[in-house]
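Below, each chain spelled out in residue letters.
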Amino acid sequence: KGLVSALYRDVQFGPALIDSEQPNYPLVIVSEAFCKLCGYEPWDVIGSPYSLMCSDVNDHANQALIRYLDETRASHGVSVANDIVVRALIRRRSGELLCPLLHVSPIFLVGRLYFLIVNDHAN
């Protein structure tokens, strides 16, 4: 038990919600932890495309994530309901690069498809 808690003591989790029905997958809800992890204030990122924080949109992991979002949106989340986990390269507002693990899940809220994205980063 002590080993497990020691392993996760310095891990931060930051959930956010992406709107699948808007162009460029804007962030519509961000948690305080998400903002702290990425170095942005909520008002800086709400309504901004998810790619705002991608260090390099041509990065293999970021391309895989965008492809997943596109395919899931095209299928309306019905046939592609699996989650995806990728390690992406994200640029914080300060310019520092992070390589958090991103866990993305399609979710339906009031009949509308969103993506719940949870990033984690070990300090």
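All values derive from a computational prediction rather than experimental measurement.

Peer 1: Looking at this structure, how should I read the pattern of salt bridges?
Peer 2: A side chain of one charge can pair with a side chain of the opposite charge if their charged atoms are brought near each other. Within the structure shown, the criterion is met by five salt bridges. Salt bridges linked by common partners bring Asp19, Glu21 and Arg112 together as one network.

Peer 1: Looking at this structure, how should I read the nonpolar core?
Peer 2: A general tendency of soluble globular proteins is for nonpolar side chains to be buried together. Of all hydrophobic cores here, the largest spans 25 residues; its most connected members are Leu27, Tyr50, Leu65, Leu102, Val104 and Phe115. Considering every element that reaches this core, the biggest residue donor is helix α4 (residues 60-74), with four residues. Excluding its chain neighbours within four sequence positions, the residues that come into contact with Val104 are Leu65, Tyr68, Leu69, Asp83, Ile84, Phe115, Leu116 and Ile117.

Peer 1: Can you help me understand unusual backbone geometry in this one?
Peer 2: When glycine is set aside, most residues are seen to have a negative phi, and most peptide bonds are trans. At Asn24, a position not held by glycine, the phi torsion is positive, near 70°. One can find Asn24 in the loop between β1 (11-19) and β2 (27-30). A residue is classified by how much of its surface remains accessible, and Asn24, at 56% relative accessible area, is exposed. Look at Tyr25: it is not a glycine, yet its phi comes out positive at around 50°. By the element assignment, Tyr25 lies in the loop between β1 and β2. On the basis of relative accessibility, which here comes to 4%, the residue Tyr25 falls in the buried class.

Peer 1: What should I look at first to understand the packing of aromatic side chains in this one?
Peer 2: Two numbers describe a pair of aromatic rings. These are the distance of the centres and the angle of the planes. According to the stated counting rule, one finds two aromatic pairs in the structure shown. Considering the side-chain rings of Tyr25 and Phe115, the 6.2 Å spacing of their centres and the 75° angle between planes classify their relative orientation as edge-to-face. Residue Tyr25 is found in the loop between β1 and β2, and its partner Phe115 is found in strand β7 (residues 112-122); the two are separated by 90 residues along the sequence. Among the residues examined, Phe115 registers a relative accessible area of 0% and is labelled buried. Within the aromatic cluster, the residues linked to one another by ring pairs are Tyr25, Tyr68 and Phe115.

Peer 1: Would you take a moment to explain the state of the cysteines for this structure?
Peer 2: As used in these notes, a disulfide is a covalent bond between sulfur atoms, one from each of two cysteines. Evaluation of the coordinates by the stated rule reveals zero disulfides. Cys38 provides the cysteine sulfur closest to Cys35, a residue in no disulfide bond, and the two sulfurs are 7.4 Å apart. Taking relative accessible area as the criterion, Cys35 reaches 6% and is therefore assigned buried. Judged by its relative accessible area of 2%, Cys38 is buried.

Parameters and conventions
Residues numbered from 1 in each chain as written. Predicted model: local features only at pLDDT ≥ 70, side-chain atom pairs only at ≥ 80, totals over all residues. Heavy atoms only, no water. Salt bridge = Lys/Arg side-chain N within 4 Å of Asp/Glu carboxyl O. Core = buried A, V, L, I, M, F, W, Y, C linked by side-chain atoms within 4.5 Å. Buried < 20%, exposed > 50% of the residue type's maximum accessible area, 1.4 Å probe, protein only. Helix = DSSP H or I, 4+ residues; strand = E, 2+ residues; numbered from the N terminus. Contact = heavy atoms within 4.5 Å. Phe/Tyr/Trp six-rings, centres within 6.5 Å; stacked < 30°, edge-to-face > 60°. Disulfide = S-S within 2.5 Å.

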